[in-house]
Amino acid sequence: MPYSKRQIVEVPFVLNGKIELHPAIILSVQDVFELDEFYICVMISDTDNYNDKFSYKLEEDATTKGLTKGSCVRTHLITPVRESEIVSGTKRNFIKEENFGYLVDHIAEVVFGAPFTY
Amino acid sequence: MSSITFQHNITERNRVFSRKLTAGYFLTAPIYLLEKVTDILDSTLNKLINKVIKGIDNTARIIIPVYEVANDLSSKDAKDIYPLIVNLRRTVLKQDKKYSDISYADSEELRVKFKKLIRLINRTEARIYARTFEGEQERKTPNYIKDSLIINSQKIIGDALLKEANS
């Protein structure tokens, strides 16, 4: 498993015959990959045009290496991604542990409306 | 034994010089003092941990009602409160990092309390964040992304089901 949880990878999308790359954060643990050989990812948009509750702007120091300024996680765009679909050779970048914790809680709260008790 | 020797040395200190007692004093006093200091530090540390736990509980007591009413906040109120909760999260994360660096002073209770508080603050922040967009014009995700996600998901899930059926 060359990729791991919290890692930011690039995933291609086809738009009018052209390939558009989008960064995505791996949410899933290693066991998911070992069972069915895919990663569960949440998409990142590198434009800050999105103005909705599902678009969570990443703080500048949220990742180990910089991302495009204004990058935001589109928290409702969660998808399985095969290893072969991930663009190899991209620099290794991770969302930091505490920001990942927030992201997962944000998804649970805003996307899934999962109950929470203290 | 060490404390007896130590006391004895103190009471005997104005008497005639005794090589045996003096040697005993210098051998045992540091150990006795070390034990005493360790006891004091231990008790101070426990008091500190209890104080921090109390502080965490108090913060949680303030945040819980905010979390409960956050879904009813107006966009304006949410925008006013949002920076405060972000700052609170950052402060608590810094504190958590500080205590995590010293392994939460071996207190599992302290570690759990911090983790629970962080989750509570995260969920509250997310709830308030969502409310800040109440009434805002939303911009839809382009269709090519949505289509790719759906096709991709269906294919992967289909493959997984097929694999399961064939096994």
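Definitions and cut-offs
Residues numbered from 1 in each chain as written. Chains lettered and ligands numbered in written order. Predicted model: local features only at pLDDT ≥ 70, side-chain atom pairs only at ≥ 80, totals over all residues. Heavy atoms only, no water. Contact = heavy atoms within 4.5 Å. Buried area = accessible area lost by both parts, 1.4 Å probe. Salt bridge = Lys/Arg side-chain N within 4 Å of Asp/Glu carboxyl O. Polar contact = N/O pair within 3.5 Å; in protein donor to acceptor, adjacent residues only side chain to side chain. Helix = DSSP H or I, 4+ residues; strand = E, 2+ residues; numbered from the N terminus. Nonpolar A, V, L, I, M, F, W, Y, C, P; charged D, E, K, R; others polar. pLDDT = per-residue confidence, 0-100. 1 Å grid on protein atoms, 1.4 Å probe; cavity = no way out; pocket = protein on both sides within 12 Å on 5 of 7 lines; lining within 4 Å. Points joined across faces, edges and corners; volume = space filled by probe spheres on them. Axes fitted to C-alpha atoms, helices over the stretch in contact; angles between N-to-C directions. Parallel < 35°, antiparallel > 145°, perpendicular 65-115°, else oblique. Left-handed = near helix turned anticlockwise from the far one by under 90°. Pairing = 2+ DSSP bridges. Buried < 20%, exposed > 50% of the residue type's maximum accessible area, 1.4 Å probe, protein only.

## A word on the interface of chain B and chain A
Move 1: Taken together, the 40 residues of chain B in the interface contact 38 residues of chain A.
Move 2: Across the chain B to chain A interface the summed buried area is about 3,500 Å²; carbon plus sulfur atoms make up 56%.
Move 3: When the area that chain B buries against chain A is broken down by residue, the three leading residues are Arg123(B), Arg139(B) and Tyr144(B), summing to 21%.
Move 4: Counting across the chain B and chain A interface gives five salt bridges.
Move 5: Note that Glu109(A) and Arg127(B) form a salt bridge whose closest N and O atoms lie 2.6 Å from each other.
Move 6: Here chain B is connected to chain A by nine residue pairs in polar contact (both at pLDDT 80 or more).
Move 7: Every element with two or more residues in the side of chain B that touches chain A is listed here: helix 2 (19-69), helix 3 (75-101), helix 4 (108-132) and helix 5 (143-166) of chain B.
Move 8: Tallied by class, the residues present in the side of chain B that touches chain A amount to 18 nonpolar, six polar and 16 charged.

## Quick word on the confidence of the model for chain A
Move 1: Mean pLDDT over chain A: 89, with 98% of residues reaching 70 or higher.
Move 2: Least confident of the elements in chain A is strand 1 (residues 7-15) of chain A, whose mean pLDDT is 86; most confident is helix 2 (residues 97-111) of chain A, at 96.

## A word on empty space enclosed by the protein
Move 1: According to the stated counting rule, one finds one cavity of 30 Å³ or more in the structure shown.
Move 2: Its volume calculated, the largest cavity comes out at about 40 Å³.
Move 3: Residue lining of the largest cavity: His22(A), Met43(A), Ile44(A), Ser45(A), Tyr50(A), Arg74(A), Leu77(A), Thr141(B) and Ile145(B), and that is the complete set.
Move 4: Considered class by class, the residues forming the lining of the largest cavity number five nonpolar, three polar and one charged.

## Points about the packing of helix 2 of chain A against helix 4 of chain B
Move 1: As a packed pair, helix 2 of chain A and helix 4 of chain B sit with axes 8 Å apart at the nearest point and diverge in direction by 55°. Classified by the angle their axes make, helix 2 of chain A and helix 4 of chain B are oblique. Classified by chirality, the crossing of helix 4 of chain B by helix 2 of chain A is right-handed. Across the interface between the two elements, Gly101(A), Tyr102(A), Asp105(A), His106(A), Ala108(A), Glu109(A) and Val110(A) from helix 2 of chain A touch Arg119(B), Asn122(B), Arg123(B), Glu125(B), Ala126(B), Arg127(B), Tyr129(B) and Ala130(B) from helix 4 of chain B.
Move 2: In terms of residue class, the contact of helix 2 of chain A with helix 4 of chain B is built from six nonpolar, three polar and six charged.

## Digging into the sheet that holds strand 2 (residues 18-26) of chain A
Move 1: In spatial order, the strands read 4-5-3-2-1-6 (chain A); together these six strands make up an open sheet with antiparallel pairing. On the outer flanks of this sheet lie strand 4 (55-57) and strand 6 (93-94) of chain A, each paired with one strand and no other.
Move 2: Direction of pairing for strand 1 of chain A relative to strand 2 of chain A: antiparallel, over a ladder of eight bridges. Paired with Ile8(A) across the strands is Ile25(A), a residue of strand 2 of chain A.
Move 3: Packing of helix 5 of chain B onto the sheet brings it into contact with strand 1, strand 2, strand 3 (38-45) and strand 5 (72-82) of chain A, and relative to strand 5 of chain A it is tilted by some 35°.

## Focus: the environment of Phe133(B)
Move 1: Mapped onto the elements, Phe133(B) comes out in the loop between helix 4 and helix 5.
Move 2: Accessibility expressed as a relative area gives 12% for Phe133(B), which makes it buried.
Move 3: Between the C-alpha atom of Phe133(B) and that of Lys76(B), which follows or precedes it by 57 residues, the distance is 9.5 Å.
Move 4: In this view, Phe133(B) contacts Asn51(A), Asp52(A) and Lys53(A); residues no more than four positions away in its chain are not counted.

## Some details on the layout of surface pockets
Move 1: Taken as a whole, the largest pocket spans an internal volume of roughly 580 Å³.
Move 2: Lining of the largest pocket is provided by 22 residues; of these, Glu97(A), Glu98(A), Asn99(A), Leu93(B) and Asp96(B) occupy positions nearest its centre.
Move 3: Where the lining of the largest pocket is concerned, the elements lending two or more residues are helix 2 of chain A together with helix 3 and helix 4 of chain B.
Move 4: Broken down by class, the residue content of the lining of the largest pocket amounts to five nonpolar, four polar and 13 charged.

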